[in-house]
Amino acid sequence: MTQEFDVIIVGGGVTGAAAARDCALRGLRTLLLERGDICDGASGRNHGLLHSGARYAVTDPEGARECIRENQILRRVASSCVEPCDGLFITLPEDSLEYQDRFVQACRAAGIAAEPISPEEALRLEPAVNPALIGAVKVPDASVDPFRLTDANIIDAVRHGATILKFHTVTEFIKEKGRIAGVRALPHGESGPLEFRAREVVLAAGIWTAELARSAGVRIEMLPSKGALIIFGHRVAGMVINRCRKPANADILVPGDVVSVLGTTSDKVPLDTIDDMHATPEEVDLLLWEGVQLVPALASTRVIRAYAGVRPLVMAGGEGDGRNVSRGIVVLDHELRDGVPGLITITGGKLTTSRLMAELVTDKVCEKLGVKAPCRTALDPLPGSEKRHPKAEEPYFKRAAIGRHGSEADRMDFKRGREIICECEQVTRAEIAWAVQTLGVRNISDLRRHTRIGMGTCQGSFCIRKVARVLAEELGKPELERDFIADYLQERWKGMTPVLWGDTLREAEYMQTMHRDEI
Amino acid sequence: MQEFNISEGNLEQCLKCNLCTLVCPMMQVNEYYPGPKKAGPDGERYRLKDPDYYDYALKYCLNCKRCEVSCPSGVKVGDIIQAARLKYAGHNLRDFVLASTDLVGSLSTPFAPIVNATLKARPVKAVLHTVMGVDAQRKFPSYSQKTFTRWFRKASVPGGEADQSGFERFVRFYHGCYVQYNYPQLGKDLVKVVNAAGYGVRLLEGERCCGVALISNSFGRQATRQARANIAALQQAVAAGEDIVTVSSTCTFTLRDEYPNVLHLDNAAVRPHLTLLSRWLCRQGPLPFRKDLHLRIAYHTACHMQKLGWRSYTLQLLRQIPGVEVIELEPRCCGIAGTFGFKKENYAWSQAIGQGLFDAIREIAPDYVVTECETCKWQIEMSTGVPVLNPVSLLAMSIV
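Remember, predicted model here, so these are calculated numbers, not experimental data. (Residues numbered from 1 in each chain as written. Chains lettered and ligands numbered in written order. Predicted model: local features only at pLDDT ≥ 70, side-chain atom pairs only at ≥ 80, totals over all residues. Heavy atoms only, no water.)

### Some words on the packing of helix α1 (residues 14-25) of chain A against helix α5 (residues 146-159) of chain A
When two helices pack together, their arrangement is captured by the angle between the axes and the distance separating the axes.
Residues and elements named next belong to chain A.
Then comes step 1: Contact pair α1 / α5: the axes reach a minimum separation of 8 Å and the direction vectors enclose 25°. Classified by the angle their axes make, α1 and α5 are roughly parallel. In the packing of α1 onto α5, the handedness of the crossing is left-handed. Here V14, A17, A18, A20, R21, A24 and L25 of α1 lie close against α5, whose contacting residues are L149, T150, N153, I154, D156 and A157.
Then comes step 2: Taken together, the residues that form the contact of α1 with α5 break down as nine nonpolar, two polar and two charged. (Axes fitted to C-alpha atoms, helices over the stretch in contact; angles between N-to-C directions. Helix = DSSP H or I, 4+ residues; strand = E, 2+ residues; numbered from the N terminus. Parallel < 35°, antiparallel > 145°, perpendicular 65-115°, else oblique. Left-handed = near helix turned anticlockwise from the far one by under 90°. Contact = heavy atoms within 4.5 Å. Nonpolar A, V, L, I, M, F, W, Y, C, P; charged D, E, K, R; others polar.)

This is how it looks when you write it as structure tokens:
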């Protein structure tokens, strides 16, 4: 049976989710297809940094202006996902204060409120920074949770009538009279593909766009650039800490929820490796070595995990290491570009500009469909953003959920499920049930992305069996419990392997002892 | 590694094994308490994110430190909780009165008979219960008419009742509030025992209350002031080449552990010289024991004694006394936890925690329970009717 839509979006990352929401808000019958879970790709494998644009001010003034505008919009409409912690760009003795002056001027020219402060003031604001610093600039950087930003977009898209199908792999584009008329997609675990038709198909598949475009008959050159990051077990600094120099390796430390994230590296990798990304011990060494220049305490802070993602950079001519290539937003109208109507690609860009990317591509879709509705995503708050802080009178089992999902936590049934399942991250049964019902969670890795379950210091060692049981119960599939445990331990193990020393090694030994049968 | 560790209280060493949860006395009786792991290292990660995650249920922590004693990873679970309470919790008048042992003690001793009678009167108890939130079922420790130091200054002079002038070697005595205001006899017992060991006793100059109740009631600034004064007084003794002996496990634990770990004050210079009398005595020669005692005593390990790790010194010493049968009670919390059990909202929990201990004591029916902690003494005497002695008093009874 064929299902008809106005627009099909391929890719459930932050851009695809924001595009699905924008399309739905403008009244389009919208379908989003994702081959795995929401945020499986680069959207879930980054710093969680809401750029002020300062990092790009010197090298890419236009990108910087985009960032600061979007930064201000997301602080407003996505307040439950954004922590307005501000950032510091520090200059160390081996860096140049002249660069700092240039940097401040460039920031101001781009409309970014960059405020030079003394080293003493920087240490007062953020005692963790390297005390050897010779200069600092305060900028409106912020921390954003990419999973929740994507989830909030998905939730709102669904509330406005969009259909979200996860675990559906697009196998083929339907071509009719030279135009793309829809896609065939294979639901996981099924034998035959389903047919979905629409007047426009949008590719928002990040690095996987190149391959999809090829099968649609158009050519997009992507440059996969791997970025590795490491996670520290708790917050070492409350602000985003950057190095005030030409962008380089490991020069940003971001407070993400209850952990600290340090990154990134940047290395060109072959396209055929993008489905198996992991951080290597060499990358971890490099990151740590550079990270301690920013915040010396990182040298002795427990690293709980390392991971890697692929930046979906679009080739703009010439070779580079991935950092020199434009990260600007690219909207490709394949009707104009390649003579293939019905197909639009949205790529490039950043997490920070994902809303704008969605707006631009939705504008293009509306133009093609002759729809006049204006974009509302810069004004309408995302679900959950009515509330960010837990109040003193909120019970302890509800607090972490409020911090994660804002007012969405009020929709969770704490009467039934106040039992805390994941203790490190204080995830209750109520939150698990909510994720299953609202976000279509299917396995523990999905659940982790949306709730932080198993993302804490013990990396699931102590809660995995409880989580597996509760999730299997909530899904009504008790037979899956054992598979959940094995799969999840494998996944955690992958991130712990490159950082096996000190307390994480002790934790890993403990994990292995407890779950001997499953590993 | 610990030397370079920047996270307070070894937060990140926590493997999440939950041994601390198993040994927490409060966890067993109070469903509102999240437990040491959640309140300590787990909660701290969230408080570092945002102080709004401070959970008022942390007030249920007894500060018994059993969590720390049990931790195989060296996480200072109890310290993390105490530090969070000092930073974020509020307090009221009742807490101030209960915590200010020095102030209240010095105001009460001159009027001891009146204060003692008043505190026993039903209407007063009712007012305390409803207005102040101090539980009416509690028996208050009575105040002494004469402070210990007043007695000592008169008695220690040449020709006095406890003449200290004939000794060549001395120890300093940190007496604490209980000896000073409530039970000077314990101080007198100490003087007798120390003298029997061949040493004279001197007092510290400028001793203040150790501040344990101030810390657990979140009066951090006042506690720090008193701690600084005490460290200075102890340093003076150390400079004179004298050890400092104590009778109370809680005061000793506070001076030794809470000052550096919770108040972040450096006491490294005095720490090796600060000791409970029983530990000090184990390094001295044998005491001249009487041979005519016939006693069965049950030794109760106070929580802070467990934290000090010095129980074996006391037991070794008590077992040397001829005619005294020493029964070691299974170490468990009595439930009073200093001022905690005096608050009416905590009374039921306090008694529930101690129930197992009370039952064990009643079953043994000893002549005395022996323990180093004065608040354990009040709790056990009130709840079992068995008289409780400090080991120093038992030693004083046992020597010629």
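There's more to say after this.
### As for the nonpolar core
Residues and elements named next belong to chain A.
Then comes step 1: Grouped together as the largest cluster of nonpolar side chains are 64 residues, with contacts concentrated most on F173 and I241.
Then comes step 2: The greatest single-element share of this core, amounting to five residues, is contributed by strand β18 (residues 303-314).
Then comes step 3: Counting residues domain by domain, this core receives three or more from each of domain 1 (2-42 + 147-221 + 327-369) and domain 2 (82-143 + 223-311).
Then comes step 4: Beyond its immediate chain neighbours, meaning those up to four positions away, F173 contacts I180, G182, V183, V201, L203, L212, S215, A216 and L343. (Core = buried A, V, L, I, M, F, W, Y, C linked by side-chain atoms within 4.5 Å. Buried < 20%, exposed > 50% of the residue type's maximum accessible area, 1.4 Å probe, protein only. Domains from an automatic or database assignment.)

### With respect to the interface of chain B and chain A
Frequently, the measure chosen for interface size is the accessible area that the parts lose on association.
Then comes step 1: Contact with chain B, which involves 32 residues of that partner, is made by 32 residues of chain A.
Then comes step 2: Between chain B and chain A, roughly 2,900 Å² of surface is buried when both sides are summed, and carbon and sulfur atoms account for 51% of that area.
Then comes step 3: Among the residues chain B hides against chain A, the three largest losses belong to E12(B), L15(B) and R45(B). Together they make up 26% of the total.
Then comes step 4: Counting every contact that joins chain B to chain A gives three salt bridges.
Then comes step 5: Here E423(A) and K37(B) are joined by a salt bridge, their closest N and O atoms 2.4 Å apart.
Then comes step 6: Along the contact surface separating chain B from chain A lie 15 residue pairs in polar contact (both at pLDDT 80 or more).
Then comes step 7: Classifying every residue of the side of chain B that touches chain A gives 15 nonpolar, six polar and eleven charged. (Buried area = accessible area lost by both parts, 1.4 Å probe. Salt bridge = Lys/Arg side-chain N within 4 Å of Asp/Glu carboxyl O. Polar contact = N/O pair within 3.5 Å; in protein donor to acceptor, adjacent residues only side chain to side chain.)

### Focus: the domain arrangement of chain B
Residues and elements named next belong to chain B.
Then comes step 1: Annotation of chain B at the domain level lists domain 1 (2-88) and domain 2 (295-398).
Then comes step 2: Facing 14 residues of domain 1, the contacting portion of domain 2 comprises 16 residues.
Then comes step 3: Taken over both partners, the interface formed by domain 1 and domain 2 buries close to 1,200 Å², and the fraction arising from carbon and sulfur atoms is 71%.
Then comes step 4: Ranking the residues of domain 1 by area buried against domain 2 places V29, L62 and R66 at the top, with a combined share of 45%.
Then comes step 5: Across the salt bridge formed by K307 and E68, the nearest N and O atoms sit 3.8 Å from each other.

### A word on helix α13 (residues 464-475) of chain A
All names here are of chain A.
Then comes step 1: Here α13 contains twelve residues, and its C-alpha end-to-end distance of 16 Å stays within 8% of the 16 Å for a straight helix at 1.5 Å per residue.
Then comes step 2: Those residues of α13 lying buried are I464, V467, A468, V470, L471, A472 and E474.
Then comes step 3: Residues of α13 that are buried in the fold lie against β21 (420-422), α11 (429-439), α12 (444-451) and α14 (481-496).
Then comes step 4: Backbone geometry just after α13 places G476 at a positive phi near 70°. (Expected span 1.5 Å × (residues − 1).)

### Details of the sheet that holds strand β3 (residues 49-50) of chain A
All names here are of chain A.
Then comes step 1: An order of β3-β8-β4 is seen for the three strands of this open sheet, with the pairing classed as antiparallel. Where the open sheet ends on each side, the last strands, each with one partner, are β3 and β4 (82-83).
Then comes step 2: Strand direction decides the pairing type here: β4 and strand β8 (residues 142-144), joined by two bridges, are antiparallel. Across the sheet, the residue bridging to V82 is V144, located in β8. (Pairing = 2+ DSSP bridges.)

### Topic: the environment of N346(B)
Then comes step 1: Its place among the elements puts N346(B) in the loop between β6 (324-328) and α19 (347-364).
Then comes step 2: As a C-alpha pair, N346(B) and G335(B) span eleven residues in sequence and 9.6 Å in three-dimensional space.

### What about the pairing of strand β2 (residues 30-33) of chain A?
Residue and element names in this part refer to chain A.
Then comes step 1: Every second residue of β2 is oriented toward a common face, with T30 and L32 on one face and L31 and L33 on the other, all of them buried.
Then comes step 2: Note: strand β1 (residues 2-10) against β2, four bridges, orientation parallel. Residue pairing in the sheet places V10 in a bridge with L33 of β2.
Then comes step 3: Where the polypeptide runs from β1 across α1 and back to β2, its parallel neighbour, the crossover connection is right-handed.
Then comes step 4: As paired strands, β2 and strand β9 (residues 163-165) are joined by three bridges and run parallel to one another. Across the sheet, L33 pairs through a bridge with L165, a residue of β9. (Right-handed = clockwise from strand over helix to strand, strands pointing away.)

### What about the sheet that holds β6(B)?
Then comes step 1: Reading across the sheet, the four strands line up as β6-β5-β7-β8 (chain B) and stay open at both edges, with parallel pairing between neighbours. The sheet is open, and its two borders are formed by β6 and β8 (388-389) of chain B, each paired with just one other strand.

### What about empty space enclosed by the protein?
Then comes step 1: Tallied over the entire structure, the rule returns eleven cavities of 30 Å³ or more.
Then comes step 2: The space that makes up the largest cavity amounts to roughly 120 Å³.
Then comes step 3: Around the largest cavity, the lining residues are Y396(A), R399(A), Q426(A), P34(B), K38(B), A39(B), G43(B), Y46(B), R47(B), Y53(B), D55(B) and L58(B).
Then comes step 4: Put simply, the parts of the chain that give the lining of the largest cavity at least two residues each are α10 (396-405) of chain A together with α3 (36-49) of chain B.
Then comes step 5: If one sorts the elements of the lining of the largest cavity by residue count, α3(B) sits on top with five residues. (1 Å grid on protein atoms, 1.4 Å probe; cavity = no way out; pocket = protein on both sides within 12 Å on 5 of 7 lines; lining within 4 Å. Points joined across faces, edges and corners; volume = space filled by probe spheres on them.)

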